[in-house]
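A closer look at the structure
Residue strings, one per chain:
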Amino acid sequence: MAEQLYNAIFVGSIYALFAVGFALVFSVLDILNLAHPVVFMLGAFVALFFMSTFGVPAALAAVAAFVLTGVFGIFLDRVAFAPLRRRGAPPLSAMISSLGFAIVVIRLMELRYGPDLTSYPTGSLPQTVLQIGDARLDGLRLLIIGLAILLMAALTYVVRATQLGRDIRALAENPRAARLLGVDVDRAIAATFFISSGLGGVAGALLGFAYNAIYPQMGTPYELKAFTVMVVGGMGSLPGAVLGAYILGIGEIAALVFLPAEFAELRDALAFGLLFLVLVIRPRGLLGHRTADRA
Amino acid sequence: MRTRLFAATAAVAVVLAACGGGTPGAQPSASAGPKADIKVGLAISLTGAANIYGPAQQNGAKLAMEQINAAGGIGGAKIALVVEDDASARDQGITVFRKLINEDKVTAILGPTLSGVAAGAHPVAQQAGIPVIAISNTGVGIVGKCDYGACDWIFRASLGEETALPAALKAAKDKLNLKKVVLMFESDQKFASDGADIFKKAAADNGITIARTIPYKTADVDFSAFVTQAKGESPDAILASGLAGTASKVLVEVGKQFPQGLRVVGSNGFNSPAVITAAGAAAPNMIVGTAWNKASTDKANADFVKAFKDKYGSDPDQFATQAYTAMIVLADAMKRSTNVTDKAALKKALEGTKDLATPLGAFSFTPEHDVKQPVFVMTVKDGAFVPFN
């Protein structure tokens, strides 16, 4: 039981790390960035590149993943979103544009690395196991849970308490008003993409560490989960995304543990039934607010 | 309209051919000068979910084609592969089969990669009367008894799960005295859930109790909870039916949660070098029934492995080997056929394939057109597949 709770918290942490980046862009710019899974995948590959080519330790490779995918996020914005924004295109166009961008990058990565699984060099990851009573807890996962919480706390601090965060929130309220009030809107947008993608990239690298299976389409399964998490938590609410992620992670595993074996097939139905229920009872999501005061 | 016209032409051609009416009108005459190429379609997944396998299949088939042509082809005529991407999708597979048959006028088709796609595409060839060799479909209902009706134009060169899984489970039971197991399977993949049914039957036949069945989905990302659940039953082994993507995740988790080791009897999805790499230290837990032993010193196999390595710079995998073998089997039948472009004669020649030396071992077709070959039950040692026994 303790093991399953640990599993659930781990899964929730990974969902959360993925979803906050997704939610950040949505909350600030009102667009669903469907290229987020690509950023996630690139994070894992950046870490792989640094570790296998330069023999860099895993921790440093994760930092490299953050920085490089962050920069990639700015590039993504320039290519897929900025031209549409200038023309005042509807959010749906931006969503499709990011989807196209994602497919192109995935195909390019498949051309370069092949669609097959790749792994980190052997012995490059810590292999500690914590034995608590009967339960065997993977040390690496504990580290990842800790890091995820730390990163999310840092994000909250940046958004709530720094000048940059105030700029980003002003932008979320109203881009025009923000510009009139002297906010450097372009810088705030770039920062939003840097942070969002950097977090996605780190999540990818950490997940790569946890499962040691890296492949161009590795981000895709998280997309639907991230949607769910955002809707449950409240569209565009960062604490909501985190809460939603842990609810989904714990919900999925609780369904597995408590459903009788004959009904095991219903696990996903239960998890997504939750989504449905939230939508019916509280369309704004658990921590959703009116558009005006979110982010 | 265009397609219908083509279909009609093809149907007429088939009738003519079946009546012994010589070459269909659409085929260029092969009487004088350099003989026209014999076109063979290769429909594989180069993109989409199964794009892991397509490129390997293409490499295997191409190598065989080059070797056959270099050795004089089929009575002087060269084989020309027409490669089409089925995109891992059933509809695309159907379109591609239609194109190969109606526009390219191929003599035979190899493929498609996935069993699910085959279920849609094979009926197209069946209707047109074009021989097909399935090169990687291991699901049920590919040959013999097919859901869509008669499938007597379809052959299979890929060892089915109905043969491979029971062989692996039997070998594991004989050696490890298995009594109680847990079955995990990828429930949203037909192929994997068929595998689960085969495992259930094989377990019952061998007097093994399945203490718990744990379904999971292709999109599941974390397997710790499933394996913890399995651990609760203290099984003697885990039976797992899934594709390569989830296979390594199952193995990695088993490695973490069973430090003393626990055998995982896996389906065909486990049978991939990439799974060994991804599973790392946990890979030696696996037992899998396979169609091929890369290390076999059998001449046909050793020559193939060397030629593949020389050409592509990497080792072949089973998908490449089966595609290669199917080309060899097809060429052998073409040589024995009374008339290469006569599809009915080619079908008859294929049916006569007996103990042909291939990298998979002595290769024959059963009366149901299924492959008859040795089954290799393998495990992993030092990062490579080795025989389990």
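Given the structure is predicted, the values throughout are model-derived calculations rather than measurements.

Moving on, we get to the overall build of chain B. Helix and strand counts for chain B come out as 12 helices and 15 strands. Radius of gyration (C-alpha) of chain B: 21 Å, near the 21 Å computed for a compact globule of 389 residues. In terms of principal-axis extent, the alpha carbons of chain B reach across some 70 × 45 × 35 Å. Here chain B holds 389 residues, and the buried ones make up 58% of them. Of the contacts formed within chain B by residues at least 6 apart in sequence, a portion of 71% connects residues at least 24 apart.

What follows is about the overall build of chain A. Secondary structure summary: chain A contains 11 helices and 2 strands in total. Along its sequence from the N terminus, chain A presents helices and strands in the succession α-α-α-α-β-β-α-α-α-α-α-α-α. Computed over its C-alpha atoms, the radius of gyration of chain A comes to 19 Å, within 12% of the 19 Å expected for a compact globule of 295 residues. Dimensions of chain A, computed from C-alpha atoms along their principal axes, come out at roughly 60 × 50 × 35 Å.

What follows deals with the confidence of the model for chain B. Taken over all residues, the pLDDT of chain B has a mean of 89, while the share at 70 or more is 91%. Considering only residues more than four positions removed or in separate chains, one finds that residues 1–32 of chain B, a stretch of pLDDT under 50, has 30 contacts.

The next point concerns the domain arrangement of chain B. Residues and elements named next belong to chain B. Domain assignment breaks chain B into domain 1 (2–18 + 37–159 + 298–372) and domain 2 (162–290). Summarising the inter-unit geometry, the C-alpha centres of domain 1 and domain 2 are found 30 Å apart. Facing the 9 residues of domain 1 at the interface are 12 residues of domain 2.

Cut-offs applied
Residues numbered from 1 in each chain as written. Chains lettered and ligands numbered in written order. Predicted model: local features only at pLDDT ≥ 70, side-chain atom pairs only at ≥ 80, totals over all residues. Helix = DSSP H or I, 4+ residues; strand = E, 2+ residues; numbered from the N terminus. Rg over C-alpha atoms; globule rule 2.2 N^0.38 Å. Buried ≥ 20, exposed ≤ 12 C-beta atoms within 10 Å, placed from the backbone. Contact = placed C-beta atoms within 7 Å. pLDDT = per-residue confidence, 0-100. Domains from an automatic or database assignment.

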